[in-house]
Structures are given as C-alpha cells and as structure tokens.
Amino acid sequence: MERRPAASKLWESADQAVADIPSRARLAVGGFGVVGVPFTLIQALGSAGVADLTVYSNNLGIDGVGLGVLLSNRQISSVIASYVGENKAFEQLYLSGQLNVELVPQGTLAERLRAGGAGIPAFYTRSGAGTVLTDTRETREFDGNTCVLERAVIADFALVRAWRGDHLGNLVYRRTARNFNPLAAMAGRTTIAEVEELVEVGELDGDLIHTPAAFVQRVVRASPDPKTIERLTTKPS
C-alpha cells in the first residue's frame with residue numbers, strides 16, 4: 001500500500017500565520033534573554049493590532065526587541081515571567097499600573113509549560129513555600145517538606161523559533177535557544193514555529209529532533225536573527 005505524503009504545515013508568511021490570534025489571547029513564547037526569540041512572529045503580531053494579550057515567557061526581551069515590541073505597542077496586559085530586569089518599558093508600565101505581572105521561579109515556569117504539554121493539570125513544588133505565595137495557594141507536606149500547588153500552562157497559541165526544521169514541524173534548536181522553546185511549543189493549543197533553516201522531510205536525524213511535529217501546527221520561514229546584545233559589557237580601557 002502506497003503511503004501518502006503528509007500535508008505541509010508551511011505558511012507563506014508570518015503575517016498569515018498569526019492572523020487569527022485574537023485580542024485577549026494567552027501566548028506561550030520561547031526564547032531566553034534575546035536568544036531564540038521568535039522575532040519574525042512577534043513583529044507580525046505587532047503589526048496585527050491585537051491587544052490585551054497574556055504572555056508566558058522567561059523574560060520580555062529588551063526595549064524595542066522581541067516581546068519589547070509588543071510592550072511598547074501596549075499590546076500586552078498580563079505577564080507571567082521569571083526575569084524582567086532588562087526592559088525599561090516593562091518597568092514603566094508596571095509602575096503605572098498598566099501591566100499585571102506574576103513573577104515565577106524559573107524552574108517552576110519551565111515545569112508549568114512542560115506539564116501543560118504533557119497533560120498534567122497541576123503539580124507540587126517546594127519553590128515558593130514559606131512565602132506570601134502560600135496565602136492563596138494550596139499546600140501539602142511531602143517527606144517533611146511543605147510544597148505549593150502550581151497549575152500547568154495551556155496557552156491558546158505558542159510562538160517559537162527553531163534553528164532547523166522541516167515543513168511537517170519537526171524542530172531542532174541550537175544551544176541557548178533550546179531552553180524555553182521546546183517547553184513553549186508543548187504548551188500551545190496552536191503552536192507556530194519560525195525556522196531559520198528549512199530542510200526536506202527526512203533530512204533531520206530523528207534522534208536529534210527536540211520538538212516532534214505532533215506539537216507544531218504551523219511553520220514559517222524566519223527572518224535573520226538581529227543578533228542583539230542584551231547587556232553590553234566591555235573590558236575597561
């Protein structure tokens with residue numbers, strides 16, 4: 001019996017791929033600092049004019065770069081992140097009451113994303129125990145340790161950037177970009193991946209694929225990485 005070729009998930013443009021993301025959507029966005037950030041998809045979303053977005057991401061980039069674009073456009077209303085220290089627009093919006101912020105330990109955020117993709121609705125962790133977090137969260141004792149209940153993240157859409165990928169959505173990340181992109185890809189009901197190097201199906205070593213195609217619904221060609229430096233540090237003259 002002849003096997004039919006699988007349908008391609010490749011879209012013509014990032015603009016088309018994000019066109020149905022509505023205002024008030026929940027987004028899981030990959031990237032670590034300004035590495036592995038889905039710049040192409042973010043720019044397209046910035047031009048789409050949607051607003052009141054809730055974003056789950058390790059950090060919010062820097063001013064005018066990455067998710068900083070959506071912040072500057074006032075398109076994000078709520079942020080769940082681990083680190084926010086390099087973005088002045090973020091600080092101003094938060095202090096003026098225009099941005100809701102939930103700071104989450106990095107490992108907890110990573111596991112919330114992974115758990116969402118794995119079908120695990122919630123889990124317990126020692127992170128946050130003994131803090132004001134327990135005033136509003138359920139706790140349990142495990143082996144003499146107080147643990148806090150954390151809910152998994154299932155986002156409406158996930159935006160990720162891969163180094164290599166095929167038109168079915170099998171993805172490979174490179175170095176630091178592998179931190180949060182695979183987790184974000186798992187957590188989205190609809191995952192959109194921008195790929196730097198698009199290859200034919202079968203060219204990727206199956207043992208080296210980080211995100212299988214089952215987690216990805218749309219693929220677009222990525223624009224060049226702007227190679228932004230998050231914090232410039234130079235040797236004293």
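Look above for the structure.
Just so it is clear, the model here is predicted, and its values are computed rather than measured.

Quick notes on the overall build of the chain
Alright, step 1. On a plain count of helices and strands, the chain comes out with six helices and eleven strands.
Alright, step 2. Across its three principal directions, the C-alpha atoms of the chain cover 60 × 50 × 45 Å.
Alright, step 3. With 237 residues in all, the chain has 46% of them scored as buried.
Alright, step 4. When contacts within the chain are restricted to residue pairs at least 6 apart in sequence, those whose partners lie at least 24 apart make up 72%.
Alright, step 5. Of the accessible surface of the chain, which amounts to about 12400 Å², a share of 49% is contributed by carbon and sulfur atoms.
Alright, step 6. Within the chain, one finds 24 positive and 26 negative side-chain charges whose respective centroids are separated by 1 Å.

What about the sheet that holds strand β7 (residues 145-151)?
Alright, step 1. Sheet architecture is open: three strands sit in the order β5-β7-β6, paired in antiparallel fashion. Single-partner strands in this sheet number two, and they are β5 (122-125) and β6 (139-142). For this sheet the average axis-to-axis angle between neighbouring strands, irrespective of direction, equals 40 degrees.
Alright, step 2. Pairing between β6 and β7: four bridges, direction antiparallel. Each residue of the ladder has a partner; that of E141, found in β7, is T146.

Points about the pairing of strand β8 (residues 155-166)
Alright, step 1. Of all twelve residues in β8, nine are buried, a share of seventy percent or more.
Alright, step 2. Taken together, the two bridges between β8 and strand β9 (residues 171-172) define a ladder with antiparallel strand orientation. Each residue of the ladder has a partner; that of R164, found in β9, is V172.
Alright, step 3. Hairpin connection of β8 to β9: four residues between the antiparallel strands, including G169 at a positive phi of 105 degrees.

Structural notes on the environment of E86
Alright, step 1. Within the secondary structure, E86 sits in the loop between β3 (76-81) and α4 (88-95).
Alright, step 2. Accessibility expressed as a relative area gives 18% for E86, which makes it buried.
Alright, step 3. Sequence spacing of E86 and G66 is 20 residues, and the spatial spacing of their C-alpha atoms is 12 Å.

A closer look at the layout of surface pockets
Alright, step 1. What the largest pocket holds in volume is close to 270 Å³.
Alright, step 2. Surrounding the largest pocket, 14 residues form its lining, V35, R174, E196, D225 and K227 being those nearest its centre.
Alright, step 3. The dominant element in the lining of the largest pocket, judged by the number of residues it contributes, is β8, at three residues.
Alright, step 4. Partitioned by chemical class, the residues of the lining of the largest pocket number five nonpolar, three polar and six charged.

Things to note about the pattern of salt bridges
Alright, step 1. In this structure the tally under the stated criterion is nine salt bridges.
Alright, step 2. Taking the shortest distance from any N to any O, the salt bridge between E102 and R112 comes out at 3.4 Å. Of this pair, E102 sits in strand β4 (residues 100-103) while R112 sits in helix α5 (residues 106-118), and the two are ten residues apart along the sequence.
Alright, step 3. Accessibility expressed as a relative area gives 27% for E102, which makes it partly exposed.
Alright, step 4. Relative accessible area serves as the criterion here: at 7%, R112 is assigned to the buried category.
Alright, step 5. Residues R164 and E197 are paired through a salt bridge, measuring 3.4 Å at the closest nitrogen-oxygen approach. Residue R164 is found in strand β8, and its partner E197 is found in strand β10 (residues 188-199); the two are separated by 33 residues along the sequence.
Alright, step 6. For E197, a relative accessible area of 34% puts it in the partly exposed group.
Alright, step 7. Through salt bridges with shared partners, a single ionic network connects E102, R112, R137 and E150.

As for the side chain of N170
Alright, step 1. Structurally, N170 can be placed in the loop between β8 and β9.
Alright, step 2. Take N170: its relative accessible area is 15%, and that puts it in the buried class.
Alright, step 3. At 3.0 Å, the side chain of N170 forms a polar contact with the side chain of D166.
Alright, step 4. Separated by 2.9 Å, the side chain of N170 and the backbone nitrogen of A213 make a polar contact.

Each value, and the rule that gives it
- Residue numbering note: each chain is counted from 1, following its sequence as written.
- Reporting of local features is limited, given that this is a predicted model, to residues whose pLDDT is at least 70; pairs of side-chain atoms are given and counted only at 80 or more, and all residues count toward the totals for whole chains, interfaces and linings.
- Hydrogens and water are ignored here; the side-chain numbers use all heavy atoms of the structure.
- Helix and strand labels come from DSSP, where a helix needs a run of H or I of at least four residues and a strand needs a run of E of at least two; each type is numbered from the N terminus.
- Residue exposure (1.4 Å probe, protein chains only): buried if accessible area is under 20% of the type maximum, exposed if over 50%, otherwise partly exposed.
- It only takes one pair of heavy atoms within 4.5 Å for two residues to be counted as in contact.
- Values of accessible area rely on a 1.4 Å probe in the Shrake-Rupley scheme; residue burial ignores everything except the protein chains shown.
- When charges are counted, Lys and Arg contribute as positive and Asp and Glu as negative, whereas His and the chain ends are disregarded.
- Taken as the charge centre is NZ of Lys, CZ of Arg, CG of Asp or CD of Glu, depending on the residue.
- Note: two strands are recorded as paired if DSSP finds a minimum of 2 bridges between them.
- In this analysis, axes come from line fits to C-alpha atoms, helices being fitted only over the stretch in contact, and the angle between any two N-to-C directions falls in the range 0 to 180 degrees.
- A 1.4 Å probe that fits into a set of points on a 1 Å grid over the protein atoms alone but cannot get out defines a cavity; an open set with protein on both sides within 12 Å along at least five of seven lines defines a pocket, and lining residues are those with an atom within 4 Å of a point.
- Grid points are joined across faces, edges and corners, and a volume is the space filled by probe spheres set on the points.
- Under the convention adopted here, Pro, Cys and the residues Ala, Val, Leu, Ile, Met, Phe, Trp and Tyr are nonpolar, Asp, Glu, Lys and Arg are charged, and Gly plus all remaining residues are polar.
- Here a salt bridge means any side-chain nitrogen of Lys or Arg lying within 4 Å of a carboxyl oxygen belonging to Asp or Glu.
- In protein, a polar contact requires one atom able to donate a hydrogen and another able to accept it; more generally it is a pair of N or O atoms within 3.5 Å, and residues adjacent in sequence count only if both atoms are side-chain atoms.

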